[in-house]
Amino acid sequence: MNIGFIGTGSMGEPMARNLAKAGHSLRVYNRTRARGFGAEGFLVEHQRDLEWTLRRAKEVAASGRPALVNVWLDKTDFREGSISM
């Protein structure tokens, strides 16, 4: 069965995971993309934030959750200079 799922917050994430485990095909939408993939998202806007952000992202990853770090480089024609890693 194909299921559309909106929101992967405290209730939505476990519900979507259970549906996927049961073999259903999901199309998931979440306001924040990282959460939509079950990850925790981080944004680095200034160099002073880099060390703390990477340390926190490593802690999240070590706990078994994916971590997405988005770094703002400078304004360009491509996504206003952001890069995700």
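Notes on the structure in this doc start here. Keep in mind that what you see is a predicted model, and the values were worked out from it rather than measured.

Conventions adopted
- Residues numbered from 1 in each chain as written.
- Predicted model: local features only at pLDDT ≥ 70, side-chain atom pairs only at ≥ 80, totals over all residues.
- Heavy atoms only, no water.
- Helix = DSSP H or I, 4+ residues; strand = E, 2+ residues; numbered from the N terminus.
- Buried < 20%, exposed > 50% of the residue type's maximum accessible area, 1.4 Å probe, protein only.
- Polar contact = N/O pair within 3.5 Å; in protein donor to acceptor, adjacent residues only side chain to side chain.
- Salt bridge = Lys/Arg side-chain N within 4 Å of Asp/Glu carboxyl O.
- Pairing = 2+ DSSP bridges.
- Right-handed = clockwise from strand over helix to strand, strands pointing away.
- Expected span 1.5 Å × (residues − 1).
- Contact = heavy atoms within 4.5 Å.

### Looking at the environment of Arg65
Mapping Arg65 onto the fold places it in the loop between α3 (50–62) and β4 (67–72). A relative accessible area of 30% means that Arg65 is categorised as partly exposed. As for Arg65 and Ala39, which are separated by 26 residues in sequence, their C-alpha atoms are 5.9 Å apart. A polar atom in the side chain of Arg65 sits 3.4 Å from the side chain of Glu40.

### Let's talk about the pattern of salt bridges
For the structure on display, the rule yields three salt bridges. Notably, a salt bridge pairs Glu40 with Arg65, separated by 3.4 Å at the nearest N-O pair. Of this pair, Glu40 sits in strand β3 (residues 40–44) while Arg65 sits in the loop between α3 and β4, and the two are 25 residues apart along the sequence. Two residues, Glu59 and Arg56, come together in a salt bridge whose shortest N-O distance is 3.2 Å. Within this pair, Glu59 and its partner Arg56 are both found in helix α3, separated by three residues, close to a single helical turn.

### Considerations on the pairing of strand β1 (residues 2–6)
A one-sided burial pattern is seen for β1, the buried positions being Ile3 and Phe5 and the unburied ones Asn2, Gly4 and Ile6. As paired strands, β1 and strand β2 (residues 25–29) are joined by five bridges and run parallel to one another. Bridge pairing links Ile3 to Leu26 in β2. Handedness of the β-α-β unit built from β1, helix α1 (residues 12–21) and β2 comes out right-handed.

### Overview of α3
Taking 1.5 Å of rise per residue, 13 residues should cover 18 Å, and α3 covers 18 Å from first to last C-alpha, within 8% of that figure. The inward-facing, buried residues of α3 abut β3 and β4. Trailing α3 by a residue or two, Gly64 shows a phi angle of about 100°, which is positive.

What is shown is where atoms sit, not what they do.
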